[in-house]
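# Reading the structure
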Amino acid sequence: MTHLPRNAAAWDRLAREGSGFARVATDAQIADPRATLDARGWLPADLSGKHVLCLAAGGGWQSVLYAALGCRVTVVDLSEAMLDLDRREAARRGFESLITPMRVDMAALPDLPGAPFDLVHQPVSACYVPDLSAVYAGVARVLKPGGLYIVQHKQPASLQCFGPLPDGGYRLGAEYYRTDGTENRRLPDPDAHTRAAGLREAGCAEYLHTWRHLVGDLCAAGFVIEDLTEPNHADPQAPVGSAGHRGRFLPPYVRIKARRVEVQAPRSNLVLP
Ligand SMILES: C[S@@+](CC[C@H](N)C(=O)[O-])C[C@H]1O[C@@H](n2cnc3c(N)ncnc32)[C@H](O)[C@@H]1O
């Protein structure tokens, strides 16, 4: 089975099982959507009426929170079960006219309703596709020049990590490069600890994107990086093997604030003295 049907089936199942990534926005979060979405203060002051693409973001969380801020939201995902949560929450919250759910592969974005967008928000998801540059190229195409792209990825070292070991440490169990020297590896299936910690998902095809691709391909696609953060999941009290314990050794995620640069006038149009 190729990665698309495999991951669609896996995420349909995860949505039905109530995965932590399929938790819809709560009343308290809806009451303060900006604080919920944007602890770092990356979003523009006024979002009302802005067109937002929530990319690979099914699950009834991001779409509903942006709608609560007055945005017009297109939410795309591969999993119908994840998108059903957006449909259900949009109806329950009276946001049906603001939220358009669509089943789309993030690596082959078509012309989407709402494009060109002012903002693209992509939660952790690029690990489920082999070609990250195709995702970035699609985002660059559907985003307005000057538009904001907020994206979170799993850190490569965290994806390489297995364990715990008997001494409470962790094992670097997946190679960074493929045996042919190229990058963007398909990862081995996660061990039970890694799944239980919520750091990998059972049944998904996942790919390790190296830093050259996570950051270099983003710049090559026409973005400038304005900020970068590694959300801190370390918990000194957490038991060995849990996400909080592993987070003391390795940050699981990297979050990037990037801006689509203005399209430059072609040099051939310049009149030289
Ligand atoms: C970790 S969940 C993110 C959603 C969640 N709302 C959150 O807050 O993190 C990853 C999502 O990526 C989606 N996904 C996986 N492969 C995809 C693809 N090729 N195109 C679009 N979405 C994909 C999954 O169906 C899943 O809903």
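Residues numbered from 1 in each chain as written. Predicted model: local features only at pLDDT ≥ 70, side-chain atom pairs only at ≥ 80, totals over all residues. Heavy atoms only, no water.

On to the overall build of the protein chain, then. A tally of helices and strands in the protein chain yields 10 helices and 11 strands. For 273 residues, the compact-globule estimate of 2.2 N^0.38 gives 19 Å, and the protein chain sits close to it at 19 Å. Overall, the C-alpha framework of the protein chain stretches about 65 × 55 × 40 Å when taken along its three principal axes. Taking all contacts inside the protein chain whose residues are at least 6 apart in sequence as the whole, residues at least 24 apart take part in 72%. Entry remark: accessible area of the protein chain is about 12,700 Å², with carbon and sulfur atoms responsible for 53%. (Helix = DSSP H or I, 4+ residues; strand = E, 2+ residues; numbered from the N terminus. Rg over C-alpha atoms; globule rule 2.2 N^0.38 Å. Contact = heavy atoms within 4.5 Å. Areas by Shrake-Rupley, 256 points an atom, 1.4 Å probe, with all protein chains shown as cover.)

With that out of the way, let us pick up the site of the ligand. Close to the ligand lie 19 residues, the nearest being G58, Q62, D77, D105 and M106. Take L78: an N or O atom from its main chain is 3.2 Å from a nitrogen atom of the ligand. Interatomic distance of 2.9 Å between a side-chain N/O atom of D105 and a nitrogen atom of the ligand. Out of a free accessible area of 580 Å², the ligand has 96% covered by protein chains. Among the detected pockets, the ligand sits in the largest pocket. Its residues assigned to classes, the shell around the ligand comprises 13 nonpolar, 4 polar and 2 charged. (Near = heavy atom within 4 Å. Polar contact = N/O pair within 3.5 Å; in protein donor to acceptor, adjacent residues only side chain to side chain. 1 Å grid on protein atoms, 1.4 Å probe; cavity = no way out; pocket = protein on both sides within 12 Å on 5 of 7 lines; lining within 4 Å. Sits in = over half its atoms within 2 Å of the grid points. Nonpolar A, V, L, I, M, F, W, Y, C, P; charged D, E, K, R; others polar.)

Moving on to the UniProt feature "domain: Methyltransferase type" (unreviewed entry) in the protein chain. The UniProt record marks residues 53-150 with the feature "domain: Methyltransferase type" (unreviewed entry), using the residue numbering of this structure. Secondary structure across residues 53-150 comprises 33% helix and 29% strand; the distance between its end C-alpha atoms is 10 Å. (UniProt positions renumbered as here; feature names shortened; annotations may be inferred.)

Under the criterion given, the structure shown has 6 aromatic pairs. Arranged with centres 6.1 Å apart and planes meeting at 70 degrees, the rings of W11 and F21 form a pair that is edge-to-face. One end of the pair, W11, is in helix 1 (residues 3-16); the other, F21, is in the loop between helix 1 and helix 2 (27-31), with 10 residues separating them in the sequence. Centroid distance Y136 to Y149: 6.1 Å. Interplanar angle 85 degrees. Geometry classified as edge-to-face. (Phe/Tyr/Trp six-rings, centres within 6.5 Å; stacked < 30°, edge-to-face > 60°.)

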